[in-house]
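Architecture at a glance
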Amino acid sequence: MTMSADQIRFIVGIAGNILSFFLFASPIPTFWRIIKKKSVEEFHPWPYIASTMNCMMWIFYGMPFVHPHSPLVVSINSVGLFLQLCYLSIFFCYAGKQNRKTIVGMLFLEIVGLAAIVVGTMLGLHTTASRTMIVGIICTIFGICMYGAPLSVMFKVIRTKSAEFLPKWLSIACFLNGICWAAYALLKFDPYILTGNGIGALLGLIQLLLLFIYRNPKKEDEKQPTVELVYNV
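Residues numbered from 1 in each chain as written. Predicted model: local features only at pLDDT ≥ 70, side-chain atom pairs only at ≥ 80, totals over all residues. Heavy atoms only, no water.

**As for a nonpolar patch on the surface**
A cluster of nonpolar side chains, Met-3, Ile-8, Phe-10, Ile-11, Ile-14, Ile-18, Phe-21, Phe-22, Val-79 and Leu-187, forms an exposed patch at the surface whose accessible area comes to about 870 Å². The greatest single-element share of the nonpolar patch, amounting to seven residues, is contributed by helix H1 (residues 5-25). Looking at where Leu-187 falls in the secondary structure, it is placed in helix H8 (residues 168-187). (Patch = residues over 30% accessible without salt bridge, like charges linked within 9 Å, V, L, I, M, F, W, Y side chains within 5 Å. Areas by Shrake-Rupley, 256 points an atom, 1.4 Å probe, with all protein chains shown as cover. Salt bridge = Lys/Arg side-chain N within 4 Å of Asp/Glu carboxyl O. Helix = DSSP H or I, 4+ residues; strand = E, 2+ residues; numbered from the N terminus.)

Now the structure itself:
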């Protein structure tokens, strides 16, 4: 029995949900390390701040009054939002004063920004087609930010010749997740899901290349005091 394009797309979407869950769950080892050491060390909150806004925007995008028939988009991003808030809560507990200010300030700006987008969309746009286009463009931008957020430490990786603080499992999950959702978007063409996840797969590949190139830190770098590598946000 031959499956229809919609059935294939649904199966790919389920696979995308599974991969997205691993993407959202991939920082768990990092936060377990933070809890055990009671310090965020040199880990950065930006990937989780970016992911929080990304999840909120895709939940809005998947609503029936914006982009109908998108339950898989809503379901996985709801799970993702819950996990990101858990991560940020842990980060907040063990971070310094400056990082705490960054987390609170950015979350406040994200909530205000989301509220403005929701109000503007619902009051200014009156068809699902127009809402899909505007919200889809915004989601694409935030999706790229989420995928590229781990690259915020790229220069540190190159400078120290060590990929220790570039989250490995997050980078792997980004790459696989981007490929799967790009395939999902191609089966029933969705330019917004395709663009964001296609670029996400490329950014994930770049992160994997950095992990491979700098997987073994040089001995002289290992001897440097940790404090020399710390930077504040």
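**As for the side chain of Thr-52**
Tracing the sequence through the fold places Thr-52 in helix H3 (residues 46-61). Residue classification places Thr-52 among the buried positions, given a relative accessible area of 1%. Excluding its chain neighbours within four sequence positions, the residues that come into contact with Thr-52 are Leu-81, Gln-84, Leu-85, Leu-88, Leu-107 and Glu-110. (Buried < 20%, exposed > 50% of the residue type's maximum accessible area, 1.4 Å probe, protein only. Contact = heavy atoms within 4.5 Å.)

**What about the packing of helix H2 (residues 28-37) against helix H4 (residues 71-94)?**
Closest axis-to-axis distance for the H2/H4 pair is 10 Å, and the angle between their directions is 25°. On the basis of the axis angle, H2 is roughly parallel to H4. As for how H2 packs across H4, the hand of that crossing is left-handed. Packed against H2, whose contacting residues are Ile-28, Phe-31, Ile-34 and Ile-35, the element H4 presents Tyr-87, Ile-90, Phe-91 and Tyr-94 at the interface. The class makeup of the residues in the contact of H2 with H4 is eight nonpolar, no polar and no charged. (Axes fitted to C-alpha atoms, helices over the stretch in contact; angles between N-to-C directions. Parallel < 35°, antiparallel > 145°, perpendicular 65-115°, else oblique. Left-handed = near helix turned anticlockwise from the far one by under 90°. Nonpolar A, V, L, I, M, F, W, Y, C, P; charged D, E, K, R; others polar.)

**So, the UniProt feature "transmembrane region" (unreviewed entry) in the chain**
Per the UniProt entry, the sites bearing "transmembrane region" (unreviewed entry) are residues 12-34, 46-66, 72-95, 107-127, 133-157, 169-187 and 193-214 in this numbering. Spanning residues 46-66, this segment combines 76% helix with 0% strand, and its end C-alpha atoms are found 28 Å apart. As annotated, residues 107-127 has a helix share of 86% and a strand share of 0%, and its two end C-alpha atoms lie 30 Å apart. (UniProt positions renumbered as here; feature names shortened; annotations may be inferred.)

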